[in-house]
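One letter stands for each residue in the lines below.
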Amino acid sequence: LGSENSYSLNSTSFLGYIYITLAILGWGISPVIAKILLKHCSSETLMFFRFFFGALCLIPFVLFQNFTLSLESQGIIFLIALVPGFLGLKFYYKGLKTTLIQKVALLELSHPFFSLILSSLFFGLQLTFVQFIGGSLIITSALILDLKKN
């Protein structure tokens, strides 16, 4: 699907859907594998090896690129690595270790809702009524699932 007014499936968009589908499969498998591994190692150990092997896989791509990063860009990348990368993943693994995977999967769906809220706070973007209702339904569903379990 192209623009919002176009409904043709060209080879570029089809390839994009394949990439997104593969990413979704990877993201879907990730908490299952992490939950198993967290029975045998700490969240810090799992994080280390996830980042270490991820960096090893990226080295060939980065080595052959011609790019320069300003000091400001390097600082922003550091913040991205620290806040959502390190801290987010650390809290995620801590929660995953003690929470049912079904609840984790449902709560993970709420991250776009929180991105919208933060975008409205930092960039002045408007949160629509439909977006608010959608995010609220995801969070409410997770709470109902938790109450039903207890």
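Predicted, not measured: the structure shown is a model, and the values here were computed from it.

## With respect to the overall build of the protein chain
And then number 1: Tallying secondary structure elements over the protein chain gives six helices and zero strands in all.
And then number 2: Starting at the N terminus, the α and β elements of the protein chain follow one another as α-α-α-α-α-α.
And then number 3: Here the C-alpha radius of gyration of the protein chain, 19 Å, is well above what a compact globule of 150 residues would show, namely 15 Å.
And then number 4: Seen through its principal axes, the protein chain has C-alpha atoms that stretch 55 × 50 × 35 Å.
And then number 5: In the protein chain, buried positions account for 13% of the 150 residues.

## Here's the deal with the nonpolar core
And then number 1: Formed by Ala-34, Leu-38, Leu-46, Met-47, Leu-89, Tyr-93, Leu-96 and Val-104, the largest nonpolar core amounts to eight residues.
And then number 2: Elements with a contribution of two residues or more to this core: α2 (43-63) and α3 (71-98).
And then number 3: The greatest single-element share of this core, amounting to three residues, is contributed by α3.
And then number 4: With near-sequence residues (within four places) excluded, Leu-96 lies in contact with Pro-31, Ala-34, Lys-35, Leu-38, Ile-101 and Val-104.

## Remarks on the side chain of Ser-43
And then number 1: With respect to the secondary-structure elements, Ser-43 resides in helix α2.
And then number 2: Those residues within four positions of Ser-43 in sequence are excluded, and the remaining contacts are Leu-38, Lys-90, Tyr-93 and Lys-94.

## Side note on the environment of Gly-135
And then number 1: Along the chain, the position of Gly-135 falls in helix α6 (residues 129-149).
And then number 2: Separated by 67 residues in the primary sequence, Gly-135 and Thr-68 place their C-alpha atoms 38 Å from one another.

## Regarding the packing of aromatic side chains
And then number 1: Under the defined criterion, the tally for this structure stands at five aromatic pairs.
And then number 2: Aromatic side chains Phe-48 and Phe-49 sit 5.0 Å apart centroid to centroid with 80° between the ring planes, which places their arrangement in the edge-to-face category.
And then number 3: Classification of Phe-49 as partly exposed rests on a relative accessible area of 40%.
And then number 4: Measuring from ring centre to ring centre gives 5.7 Å for Phe-48 and Phe-52, while their planes differ by 15°; the resulting arrangement is stacked. In this pair, Phe-48 and Phe-52 both sit in helix α2, four residues apart, roughly one turn of the helix.
And then number 5: Connected via pairs of aromatic rings, a cluster forms that spans Phe-48, Phe-49, Phe-52 and Phe-53.

## Things to note about helix α1 (residues 11-37)
And then number 1: With 27 residues, α1 ought to run about 39 Å at 1.5 Å a step, and its terminal C-alpha atoms sit 38 Å apart, in line with that.
And then number 2: When we look at burial in α1, the residues that qualify are Ser-13, Pro-31 and Ala-34.
And then number 3: Buried residues along α1 sit in contact with α2, α3 and α4 (101-108).

## Regarding the confidence of the model for the protein chain
Interpretation of the predicted coordinates at a detailed level should be avoided for regions scoring low in pLDDT.
And then number 1: Per-residue confidence for the protein chain averages 84 on the pLDDT scale, and 92% of its residues sit at or above 70.
And then number 2: Mean pLDDT in the protein chain bottoms out at α4, which sits at 80, and peaks at α2, which reaches 92.
And then number 3: Below pLDDT 50 for its whole length, residues 1-5 participates in seven contacts with residues either more than four positions away or in separate chains.

Reading the values: the criteria
Residues numbered from 1 in each chain as written. Predicted model: local features only at pLDDT ≥ 70, side-chain atom pairs only at ≥ 80, totals over all residues. Heavy atoms only, no water. Helix = DSSP H or I, 4+ residues; strand = E, 2+ residues; numbered from the N terminus. Rg over C-alpha atoms; globule rule 2.2 N^0.38 Å. Buried < 20%, exposed > 50% of the residue type's maximum accessible area, 1.4 Å probe, protein only. Core = buried A, V, L, I, M, F, W, Y, C linked by side-chain atoms within 4.5 Å. Contact = heavy atoms within 4.5 Å. Phe/Tyr/Trp six-rings, centres within 6.5 Å; stacked < 30°, edge-to-face > 60°. Expected span 1.5 Å × (residues − 1). pLDDT = per-residue confidence, 0-100.

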